[in-house]
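Fold and geometry: a report
Take a look at the letters that make up each chain.
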Amino acid sequence: MDQYSYIANSDAAYVDQLYQSYKQDPQSVDQSWQQFFKGFEFSLTYGETAGSTTNGAAKTNGAATNGQAAATKPVDASHADPSDREKEVSVASLIKAYRSRGHLLAKTNPLKARKDRQPRVDLPDYALSDADLDTTFESGKLLGIGPATLRKIMESLQKIYAGNIGFEYMYIRELDVKNWLRNKIEKEALVFSPSVSEKKRILEKLNEASVFENFLATKYLGQKRFSLEGGEATIPALDTIISTAADMGVEEVMIGMAHRGRLNVLANILGKSYESIFDGFEGNVPQQVHGDGDVKYHLGYSSLTETPNGKQISVKLAPNPSHLEAVNPVVEGFVRAQADEEYNGDFTKIMPILIHGDAAVAGQGIVYEVTQMAKLAGYQTGGTVHFVINNQVGFTTDFDDARSSIYCSDIAKIIDAPIFHVNGDDPEAVTFCAKLAVEFREKFNRDVFIDMVCYRRYGHNESDEPKFTQPTMYSIIDKRANLRELYKNLLIERGDVDAELAQRMDTEFKKQLQDRLDRVKQKAEIPYKPLRLDLDWAELRFAEPQDFEKSPETGVPAETLDQIGQALVKIPEGFKPLKQIEKLLKDRQTMLTETKTVNWGTAELLAYGSLLLDGRPVRLSGQDVQRGTFSHRHAVLHDVETNATYSSLDFIKEGQPKFQAYNSLLSEYGVLGFEYGYAMANPHALVIWEAQFGDFSNGAQLIIDQFIAAAESKWGIQNGVTLLLPHGYEGQGPEHSNARPERYLQLYAEHNMIVANVSSPANFFHLLRRQLAWSFRKPLVVMSPKSLLRHPKCISPLEDLTKGSFQEVLGDTYAKPKKVKRVLLCTGKIYYDLLDKQQADQRDDVAIIRLEQLAPLPKTQLDAVLAQYGKAEKFWVQEEPENMGYWTYLLRIGLTLPIISRHAAASPATGYAKVHTQEQADIVRRAFD
């Protein structure tokens, strides 16, 4: 069978399949198909074979007498002689083909003709010819134009599907979604024509975008600005997205984007003052800035914007490092937090916009991770509007070397998100896509992609020479007028605006920019306006060094703990947990009511419950967090018969916040970025990401380096996100032993984060509560236990949770200070190995001091504990190799101690359990020798 016949057969079979559905239930097919089948009296087409899908498909092509022949015998469409009735179905099949593959014909590239992707939508492909062009077909009803000639049908199809927009949506599996899109596209694309005021608005935004870039290029020759030139239609597109969203009831928009075009977006979408942008180019340092600051094209901003229709909408642009798509999960987390808290779960009130580069959206793995989050209960945000500034080149790499897919946006298909490919030199088409995208998002609360194909007028930055790698492309670009000129001339030619108005726009805006620059040159005071995220943050302050001298009180009244404890041991009537869970609940009740002690899991849940009772949201996310990787938490129980879930922390008292515990997708980078964004939006929530094993955070290192460690210094943004990283040497091999604490300690400086390795349940309880008790926020990184979760000595009196605060240093209660000759300083699990040796040998001459918080180093607290041991020799003991762990950090900050540890090693731990045991025993032996 040749390829033309195959296409005709498959599409005709599709039409016949629809007819079978129509016969059973007319409402099961779209209204346009109902009209087609009803008006054409479809059953007459097939006669006695109307009920046969295969026969119908075969006769449609006029080349076979039964379904078997159509499936096996080659058909020469050029010699087909179908009846008019059979041609009717061929026309219907042709319409369906344009809907599916017309985007391959669309004129989306402003620089050159599209590559031939063989869409197979020519007349001969469907046993039609030019002789049929003036024949009227009922199939015109499918396009909403009524019975029409084939010529008019083809003109309509080409205008809708093969113009300057290429629509991809036929892969969507939900019929209602696909039908809504098709109706919007086919009805509105045919008649779309912006009003004169809308055209003037487009020209105004293009004028701002173009003149702004040209002004910077003239005044700051050679300085990096990552200009938007070639993609200026981004500005009217964003303007349309935001305005349409506001008209539809959206109250807040959060934008994430890389550096290309950011200055233009800051100025002409968010309204950041031109003076402050010029001030950055002048190299001036704002007096009010907190920390070291960042380059101007990484900064965020927020504003309250008024749309042309008089609606007000809050618009925020998230700060972002040079790691292109890294901001994506941060934006999504921020939006989810705002939707949860500010809008009571109504996603139609807040909308995320992600602006991508073509090479990045195809090549950065984080885009895939975030896309896979789109429909998950713990991470959905009601749909994201994705806008791709498709420069057709990534840094210096041609698209042929940048991806294997036809389109950079093909990732959208994994979640059935529609894609609108559009020519970036047609700003009216771009704004049509922008409006349609928002309407779709608000209607279905799901993602939508706009792939704006444009170009980059200069190299990756303004000092690069792009002709080194794309000489032919840039020969075309050099000769191409900018978009503002092209569109201005088009409007003048149409009579939509006069030349005088266009010139006045240009002149007045240039004068405005020059006036603002003159102010900067004259050293006028430029108001510094950092990114303001939420009014809740205004209640907090930046931390001072003295804040870490003593932790705030975080005890909880005994009656409150009792109230939480009662909830923790209850299950609803009829709920049937596993036998192991029944035992766990009994053990939990025994601890709380009889022994009055708590293990790690119980202390942790009590901390969460106490915060919920305070009205503070608690969100816990990670790959196995509901039960805990090591089955210690069991915050969410499952019924053995129905798999129904029950979270006891949701039922402490009426009106409390729900406990949010989400088992995440298999992602570290995306999920940690999401949780960071969630914590960025809500300073009053305890937001936790737990790694399955500590070193799995390797996959999220970019979020740790660029956001968690540096954001406060770079962007003046605080964040209280908490990382639980299971860590400890128990013979589980190199990947499951070490959470790489040295990395966090190397990143620590200027009180930018807290790094802790806690060894008691009570102290962990107070540590978690301290996160929200402070009047500022700091990221918290905890080397979380594994074997200690069930260690018989790793328990705390319940009373310790009712009073006091987090203890940065825990002293020795066994050794006699006057007898002590040696002091062992340590942190985390190794303490219990040392304790066993101390107790077994009754070594009251050796004191063991636990450093529960490593950064900031609690020097005041540590000095107070060590003072009682006078001149006793002091050692640092760790189970990590000498070149890992904590020792090099301690040396760096001035705590000079000899070390007892494993030897320096390339791998974090041995893979052999026997060797591990020998090494561990050797560390303990040397500590007491």
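Described in the following lines is the structure provided in the data block. Going along each chain's sequence as written, the residues are numbered from 1 onward. Restriction of local features to residues with pLDDT of at least 70 applies here, the model being predicted, together with a cutoff of 80 or more for giving and counting side-chain atom pairs; totals for whole chains, interfaces and linings are based on all residues. Excluding hydrogens and water, the side-chain values take into account all heavy atoms of the structure.

**Some points on the pairing of strand β12 (residues 448–453)**
Among the six residues in β12, six count as buried, and that is most of the element. Three labels apply to residues, based on accessible area from a 1.4 Å probe with only protein chains included: buried if under 20% of the type maximum, exposed if over 50%, partly exposed otherwise in between. In this description a helix means any DSSP run of H or I spanning at least four residues, a strand means any run of E spanning at least two, and both kinds are numbered starting from the N terminus. Residue alternation in β12 divides its side chains into two sets, Val448, Ile450 and Met452 and Phe449, Asp451 and Val453, and both sets are buried. Bridge analysis of strand β8 (residues 385–390) against β12 gives six bridges, and the strand direction is parallel. Each residue of the ladder has a partner; that of Asn390, found in β12, is Val453. Two strands form a pair only when DSSP identifies at least two bridges running between them.

**Examining the state of the cysteines**
Our working definition of a disulfide is a cysteine sulfur pair at a distance within 2.5 Å. Under the criterion given, the structure shown has zero disulfides. For Cys433, which is in no disulfide, the shortest distance to another cysteine sulfur is to Cys454 and amounts to 13 Å. We note that Cys794 lacks a disulfide partner, and the nearest cysteine sulfur, in Cys826, lies 13 Å from it. Owing to a relative accessible area of 1%, Cys794 belongs among the buried residues under this scheme.

**Here we look at the side chain of Ser784**
Examined against the element boundaries, Ser784 turns out to sit in strand β21 (residues 780–784). Judged by relative accessible area, which is 6%, Ser784 ranks as buried. With residues up to four places along the chain from it excluded, the contact list for Ser784 reads Leu724, Leu725, Pro726 and His727. Should any heavy atoms of two residues lie within 4.5 Å, those residues are considered in contact.

**Some points on the sheet that holds strand β24 (residues 822–826)**
Taken in spatial order, the five strands of this open sheet run β23-β25-β24-β27-β28, and their pairing is mixed. Each edge of the open sheet is held by one strand with a lone partner, namely β23 (809–810) and β28 (899–902). Pairing between β24 and strand β27 (residues 873–881): four bridges, direction parallel. Within β27, the position partnered with Val823 by the bridge is Lys874. Here an axis means a line fitted to C-alpha atoms, over the contact stretch when the element is a helix, while the angle between two N-to-C directions is reported on a 0 to 180 degree scale. Lying over the sheet, helix α30 (residues 830–840) contacts β24, β25 (846–851) and β27, oriented at roughly 165 degrees with respect to β25. Most of the contacts of helix α31 (residues 859–866) go to β25, to which it runs at about 170 degrees, and overall it touches β23, β24, β25 and β27.

As far as function goes, none of this settles anything; it's purely spatial.
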